[in-house]
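# Topology and contacts: notes
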Amino acid sequence: MIRRWGGALVLALAAVPALAGLDTSPRPEPRPLPDPVQVARAEPATRPAQMPPALRPAPPREAVAMPIPAAALALSLRPLPRPERPFQTAALSASGVRSQPSNVLTARRGAICGDDRIRGEEIAPILSQVQGCGVERPVRVTSVDGVRLSQAATMECDTARALRRWVSEGAKPAVGQKGGGLVQLEIAAHYICRPRNRQAGAKISEHGRGRAVDVSALTLANGSQITVQGGWRDPAQSKILRQVHKAACGPFGTVLGPEADRFHQDHLHFDTARHRNGAYCR
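All of these numbers come straight from a predicted model, not from anything done at the bench.

Reading the values: rules and limits
Residues numbered from 1 in each chain as written. Predicted model: local features only at pLDDT ≥ 70, side-chain atom pairs only at ≥ 80, totals over all residues. Heavy atoms only, no water. Disulfide = S-S within 2.5 Å. Helix = DSSP H or I, 4+ residues; strand = E, 2+ residues; numbered from the N terminus. Buried < 20%, exposed > 50% of the residue type's maximum accessible area, 1.4 Å probe, protein only. pLDDT = per-residue confidence, 0-100. Contact = heavy atoms within 4.5 Å. Expected span 1.5 Å × (residues − 1). Core = buried A, V, L, I, M, F, W, Y, C linked by side-chain atoms within 4.5 Å.

## Looking at the state of the cysteines
Two cysteines, two sulfur atoms, one covalent bond between them: this is a disulfide. Enumeration according to the criterion identifies three disulfides in this entry. Shown here is the disulfide that connects Cys113 with Cys157, its sulfur atoms set 2.1 Å apart. Handedness here is read from the sign of the S-S torsion; for Cys113 and Cys157, about -80 degrees, the answer is left-handed. Of the two residues, Cys113 is situated in the loop between strand 3 (111-112) and strand 4 (115-122) and Cys157 in helix 5 (residues 157-175); the sequence distance between them amounts to 44 residues. Residues Cys113 and Cys157 agree in their burial class; the two are buried. Each sulfur in the disulfide pair Cys249 and Cys281 lies 1.9 Å from the other. Residue Cys249 is located in the loop between helix 7 (235-247) and strand 10 (254-256), and its partner Cys281 is located in strand 12 (residues 280-281); the two are separated by 32 residues in the primary sequence. Once the bonded cysteines of the protein are numbered in order along the sequence, the disulfide links fall as 1-3, 2-4, 5-6.

Take a look at the structure:
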């Protein structure tokens, strides 16, 4: 019995060095990963020629040149138009002041006759069966240089510009700050096809050509009025009325007031007719 156990012990001790040798035996180094560039450049292991005919890839087809229409070619060479901007951004000048594009300044709503200080609208040509009447390019003026007209006055643009100049350079300076300043012109007449002074057989009035406008009073900001009929000979108002009458001689070709004749006792008549000896002012 002791001999059997002893033999087994001897065999076990002999196997220990062999097992230890297995743990300490050299292990193979891991292979490095292939370089992707080198792999890409490497030729395939099997060339198409060496592959079986059934597995060989089909040869590439030759490209067929398709004709391109000339119209399509011309369109393809043109650059696409830029989309329109719904809003124009204000430009910043070198001085740092933000300015609007020029098209905003020239397209302000209501400006007519090429003058931003004349407000109103263009209207259709006025035709008349009466010889001498009618306006080819009339406008309906509602205000000039910030001063309202009591009624929209129809005239042609030369007359509208003359009226604006008279208000800016004559009427407003003459009134000054009296009553808060000039805010409205009382319009007694504008375009109307009739003879002069409504007298039968007389020549056609400049009113019938859209070249005349009559003003009966100046309305001030405080609601008071300087009327031609009541103020021409009134010491408190006469000076202003005579100044505005005189200032009209230049912008207008004809200026008539209460001292001209019996037909102009209650208004000032302005028209753009030209005379050989200059402006006719009475």
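Picking up where we left off.
## Observations regarding the confidence of the model for the protein
On average, the protein scores 76 in pLDDT, and the residues at 70 or more come to 61%. Residue range residues 36-49 is modelled with pLDDT below 50. Its contacts to residues more than four positions away, or to other chains, number six contacts. Below pLDDT 50 for its whole length, residues 82-108 participates in 13 contacts with residues either more than four positions away or in separate chains.

## Some remarks on the environment of Ala273
Position of Ala273 relative to the elements: it lies in the loop between strand 11 (268-271) and strand 12. Given the relative accessible area of 14%, Ala273 is considered buried. Remark: the alpha-carbon pair of Ala273 and Arg211, spanning 62 residues in sequence, is separated by 7.2 Å. Setting aside chain neighbours within four positions, we find Ala273 in contact with Glu206, Gly253 and Thr254.

## Side note on unusual backbone geometry
If you check the backbone angles, Asp145 has positive phi at about 50 degrees while not being a glycine. In this structure, Asp145 sits in the loop between strand 5 (138-144) and strand 6 (147-156). On the basis of relative accessibility, which here comes to 18%, the residue Asp145 falls in the buried class.

## Remarks on helix 7
Compared with an ideal rise of 1.5 Å per residue, which puts 13 residues at 18 Å, helix 7 spans 19 Å between its outermost C-alpha atoms and is within 8% of the ideal. Within the span of helix 7, buried status applies to Gln237, Ser238, Ile240, Leu241, Val244 and His245. On its buried face, helix 7 sits against helix 5, strand 8 (212-220), strand 9 (225-227), helix 6 (228-231), strand 10 and strand 11.

## So, the nonpolar core
Among the nonpolar cores identified, the biggest contains 37 residues, and Val141, Leu163, Trp166, Leu185, Leu218 and Phe270 are the most heavily contacted of them. Of all the elements in the fold, those that place two or more residues in this core are strand 5, strand 6, helix 5, strand 7 (182-189), strand 8, helix 7 and strand 11. Among the elements that make up this core, the one with the highest residue count is helix 5 (nine residues). Non-local contacts of Val141, meaning those with residues more than four positions away in its chain, are made with Ile112, Ile118, Arg119, Gly120, Leu149, Gln151, Ala152, Ala153, Met155 and Ala160. Counting five residues, the second largest nonpolar core, distinct from the first, contains Ile126, Cys133, Val135 and Tyr191.

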